[in-house]
Amino acid sequence: MKALVLDAPGDEPSLTLRDVPVPALGPHDALVEVAAAGLCHHDVAVMQGLLSRGVKQQIILGHEVSGRVADIGDSVSSLEVGDSVVSTLTTFCRECQRCLHGMEYRCLQGRGIGHTLDGGFAQFVCLPESSVVPVSMTADLDPASLYACPMGVVLRALQDVAGVGPENTVLVTGAGGGLGVHSVEIAAALGARVLAVTTSPDKAEKLEGMGRAEVIVHGELDFSEIALALTEDQGVDVVIDTVGSALFQSSLKSVTQFGMMVLLGEVAGGETRVNPAEIIFRDATIVGSSGADRRHIVTVADMVGSGAIRPVAFQRFALEDAADAYRLMRAQKTFGRVLLVPPSV
Ligand SMILES: [Zn+2]
Ligand SMILES: [Zn+2]
């Protein structure tokens with residue numbers, strides 16, 4: 001099969017599309033013919049060499065995978081050849097304390113797909129049955145690759161971590177990015193008032209076009225000032241921060257009394273200074289969130305099916321042009337998620 005192999009990370013990573021053996025199928029595995037795979041900041045960080053812990057040598061990246069089941073192992077009972085499916089982000093055991101407490105995405109035995117195990121930047125990927133989630137046969141398969149990450153990740157943050165509902169105002173930083181755009185979609189679908197922050201006038205226009213949020217362009221005027229002005233000086237109940245250190249201070253200043261800031265992304269790999277009084281006197285909660293369970297992916301699929309939300313895929317690139325997609329991501333020129341499409345089998 002053709003697969004995109006990361007031979008050497010770096011500023012200009014060595015990525016080669018080449019022939020590798022189709023992975024061997026175990027009794028509990030499914031072989032998935034990949035339709036598309038999202039290019040995540042996680043992949044970009046591994047390609048750059050910023051993230052290397054636990055990464056397999058000569059990895060086939062890609063954890064945002066959709067496709068059709070091409071073959072199943074002898075013990076697989078929940079899948080059939082031809083099923084439309086998406087992958088979870090990690091494997092999991094269903095037996096450890098974390099799995100038993102609804103945190104299978106942080107399973108103690110879990111291994112990252114497209115990180116420790118080969119992922120979806122290939123014609124085929126081999127996954128354990130439990131990591132394969134069937135979706136509707138009528139679902140548009142390419143954008144379905146985004147059901148787990150970023151969409152399931154965002155759903156978990158908004159619903160489970162922040163408990164967002166119609167009574168809340170949610171501010172999203174980096175609203176034009178993959179996590180950001182889907183935070184806007186899903187927060188709006190949960191009934192919240194949404195303020196979408198971007199630094200790019202071009203992305204602001206696209207966000208306006210979605211009709212899901214009041215759009216704030218962060219520039220000369222700090223976005224926290226505008227957020228306060230839009231909320232009668234109260235601030236917002238929840239900040240979904242997908243940018244991290246670069247906007248940390250402004251994000252915190254936007255939070256209302258008893259409000260919450262959920263950290264989902266760190267784009268610059270930097271650090272920030274915190275004045276503890278800003279947290280204390282707000283009685284604020286600052287919490288990190290990552291990952292999604294099977295149930296989040298199933299809920300996302302249902303919400304897409306009912307028309308409540310939609311995946312936002314900016315552009316499709318052939319797998320062999322992954323380096324171009326990588327450069328576009330690094331230049332922050334993308335809106336929503338970029339999809340990589342392998343050559344047809
Ligand atoms: Zn991802
Ligand atoms: Zn487990």
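Remember, predicted model here, so these are calculated numbers, not experimental data.

Draft legend 1. Quick peek at the coordination of the zinc ion (ligand 2). Protein coordination at the zinc ion (ligand 2) comes from Cys93 (SG), Cys96 (SG), Cys99 (SG) and Cys107 (SG), with a distance range of 2.3 to 2.4 Å. Geometry at the zinc ion (ligand 2) is tetrahedral, judged from its four donor atoms and the angles of 103 to 117 degrees they form at the metal.

Draft legend 2. Region of interest: the sheet that holds strand S13 (residues 285-288). Reading across the sheet, the six strands line up as S10-S9-S8-S11-S12-S13 and stay open at both edges, with parallel pairing between neighbours. Across the chains shown, the open sheet's two edge strands, defined by having one partner strand only, are strand S10 (214-217) and S13. Along the sheet, successive strands turn relative to each other by an average axial angle of 20 degrees, direction set aside. Pairing between strand S9 (residues 193-198) and S10: four bridges, direction parallel.

Draft legend 3. Structural detail: the coordination of the zinc ion (ligand 1). At 2.1 to 2.3 Å from the zinc ion (ligand 1) lie its protein donor atoms, namely Cys40 (SG), His63 (NE2), Glu64 (OE) and Cys149 (SG). Because the angles between the four donor atoms bound to the zinc ion (ligand 1) fall within 89 to 123 degrees, the donor set is best described as tetrahedral. Positions of the donor residues of the zinc ion (ligand 1), expressed as sequence spacing, correspond to C-x22-H-E-x84-C. One end of the pair, Cys40, is in the loop between strand S3 (29-39) and helix H1 (41-48); the other, Cys149, is in helix H4 (residues 147-161), and 109 residues separate them in sequence. Here Cys40 falls in the buried class, since its relative accessible area comes to 8%. A relative accessible area of 8% means that Cys149 is categorised as buried.

Draft legend 4. Representation of the environment of Ser78 in the model. Within the element layout of this structure, Ser78 appears in the loop between strand S4 (64-72) and strand S5 (84-87). By relative accessible area, Ser78 is classed as partly exposed at 47%. In this structure the C-alpha to C-alpha distance between Ser78 and Cys107, which are 29 residues apart in sequence, comes to 21 Å. Excluding anything up to four places from it in sequence, Ser78 contacts Asp83 and Glu129. Within polar-contact distance, the side chain of Ser78 engages the side chain of Glu129 at 2.7 Å.

Draft legend 5. The arrangement of the pattern of salt bridges in detail. Scanning all chains against the criterion turns up 15 salt bridges. Notably, a salt bridge pairs Lys2 with Asp19, separated by 3.2 Å at the nearest N-O pair. In this pair, Lys2 is assigned in strand S1 (residues 2-8) and Asp19 in strand S2 (residues 14-19), connecting sequence segments 17 residues apart. Overall, the relative accessible area of 31% leaves Lys2 in the partly exposed class. Here Glu278 and Arg282 are joined by a salt bridge, their closest N and O atoms 2.8 Å apart. You can call Arg282 buried: its relative accessible area is 15%.

Draft legend 6. Representation of helix H5 (residues 178-189) within the structure. Over its twelve residues, H5 runs 17 Å from end to end, which matches the ideal 16 Å to within 8%, given 1.5 Å per residue. For H5, the buried fraction is high: eleven of the twelve residues fall into the buried class. Those residues of H5 not exposed but buried are Gly178, Leu179, Gly180, Val181, His182, Ser183, Val184, Glu185, Ile186, Ala187 and Ala188. Positioned one or two residues after H5, Gly191 has a phi angle of 100 degrees, which is positive.

Draft legend 7. How the structure looks around H4. Over its 15 residues, H4 extends only 18 Å from the first C-alpha to the last, a length that falls short of the 21 Å expected when each residue adds 1.5 Å. For H4, a buried count of twelve out of 15 residues is recorded, marking the element as mostly surrounded by other parts of the structure. Turning to H4, its buried residues are Tyr147, Ala148, Cys149, Pro150, Met151, Gly152, Val153, Val154, Leu155, Arg156, Ala157 and Leu158. Residue Gly163 follows H4 closely and has a positive phi angle near 60 degrees.

Draft legend 8. Here's a closer look at the packing of H4 against H5. Closest axis-to-axis distance for the H4/H5 pair is 9 Å, and the angle between their directions is 55 degrees. As far as their axial angle goes, H5 and H4 are oblique. The way H4 lies across H5 gives a crossing that is right-handed. Residues Pro150, Met151, Val153, Val154, Leu155 and Leu158 of H4 touch H5, and the partners they reach there are Gly178, Leu179, His182, Ser183, Ile186 and Ala187. Split into classes, the residues belonging to the contact of H4 with H5 amount to nine nonpolar, three polar and no charged.

Draft legend 9. Spatial organisation of the layout of surface pockets. Approximately 310 Å³ is the volume found for the second largest pocket. Considering the residues around the second largest pocket, the lining is formed by 19 residues, among which Arg111, Leu117, Cys126, Leu127 and Pro128 are closest to the centre. For the lining of the second largest pocket, the leading source of residues is strand S6 (residues 124-128), giving five residues. Taken together, the residues of the lining of the second largest pocket break down into 13 nonpolar, three polar and three charged.

Draft legend 10. Quick peek at unusual backbone geometry. Here the amide bond leading from Cys149 into Pro150 is cis, since omega sits at 5 degrees, within 30 degrees of zero. Inspection of the secondary structure puts Pro150 in helix H4. Look at Glu232: it is not a glycine, yet its phi comes out positive at around 50 degrees. Note on placement: Glu232 falls in the loop between helix H7 (223-230) and strand S11 (236-241). Note on Glu232: relative accessible area 71%, which makes it exposed. Of note, the phi angle at Asp283 is positive, near 50 degrees, even though the residue is not glycine. Among the structural elements, Asp283 can be located in the loop between helix H9 (276-280) and S13. Given a relative accessible area of 42%, Asp283 falls into the partly exposed group.

Reading the values: rules and limits
- The residue numbers shown here count from 1 along each chain, following its written sequence.
- Throughout, the order in which chains and ligands are written sets their labels, letters from A for the former and numbers from 1 for the latter.
- In keeping with the model being predicted, local features are shown solely for residues with a pLDDT of at least 70 and side-chain atom pairs are shown and tallied solely at 80 or more, while totals for entire chains, interfaces and linings include all residues.
- As a convention, hydrogens and water are excluded, and side-chain values are obtained from all of the structure's heavy atoms.
- Nitrogen, oxygen and sulfur within 2.8 Å of a metal are treated as its donors, or within 3.2 Å for sodium, potassium and calcium (Na, K, Ca); water is not counted, so a site can appear incomplete.
- Site shape is set this way: if four donors have all angles between 85 and 135 degrees, tetrahedral; if opposite donors are over 155 degrees apart and all others between 65 and 115, square planar for four donors and octahedral for six; otherwise irregular.
- Strands qualify as paired when DSSP identifies two bridges or more between them.
- Secondary structure elements are taken from DSSP: a helix is a run of H or I of four residues or more, a strand is a run of E of two residues or more, and numbering for both begins at the N terminus.
- In this analysis an axis means a line fitted to C-alpha atoms, helices contributing only their contacting stretch, and an angle means the value between N-to-C directions, from 0 to 180 degrees.
- A 1.4 Å probe rolled over the protein chains alone gives each residue an accessible area, and that area as a share of the maximum for its type sets the label: buried under 20%, exposed over 50%, partly exposed in between.
- We call two residues in contact when some of their heavy atoms are within 4.5 Å.
- As used in this structure description, the phrase polar contact means that two N or O atoms lie within 3.5 Å; if the pair is within protein, one of them must be able to donate a hydrogen and the other to accept it, and residues adjacent in sequence are counted only when both atoms belong to side chains.
- Any Lys or Arg side-chain nitrogen found within 4 Å of a carboxyl oxygen on Asp or Glu counts as a salt bridge.
- Given the number of residues in a helix, its expected span is that number minus one, multiplied by 1.5 Å.
- Here the angle decides the label: under 35 degrees means roughly parallel, over 145 means roughly antiparallel, 65 to 115 means roughly perpendicular, and every other value means oblique.
- Crossings are assigned a handedness: left-handed for a near helix turned anticlockwise from the far helix by less than a right angle, right-handed for a clockwise turn.
- Amino acids are sorted into nonpolar (Ala, Val, Leu, Ile, Met, Phe, Trp, Tyr, Cys and Pro), charged (Asp, Glu, Lys and Arg) and polar (every other residue, Gly among them).
- Buriedness for pockets is judged along seven lines, at least five of which must meet protein on both sides within 12 Å for an open set on the 1 Å grid over protein atoms alone, while cavities are sets there where a 1.4 Å probe fits but cannot get out, and lining residues have an atom within 4 Å of a point.
- Grid points are joined across faces, edges and corners, and a volume is the space filled by probe spheres set on the points.

Purely geometric numbers; function is a separate question.
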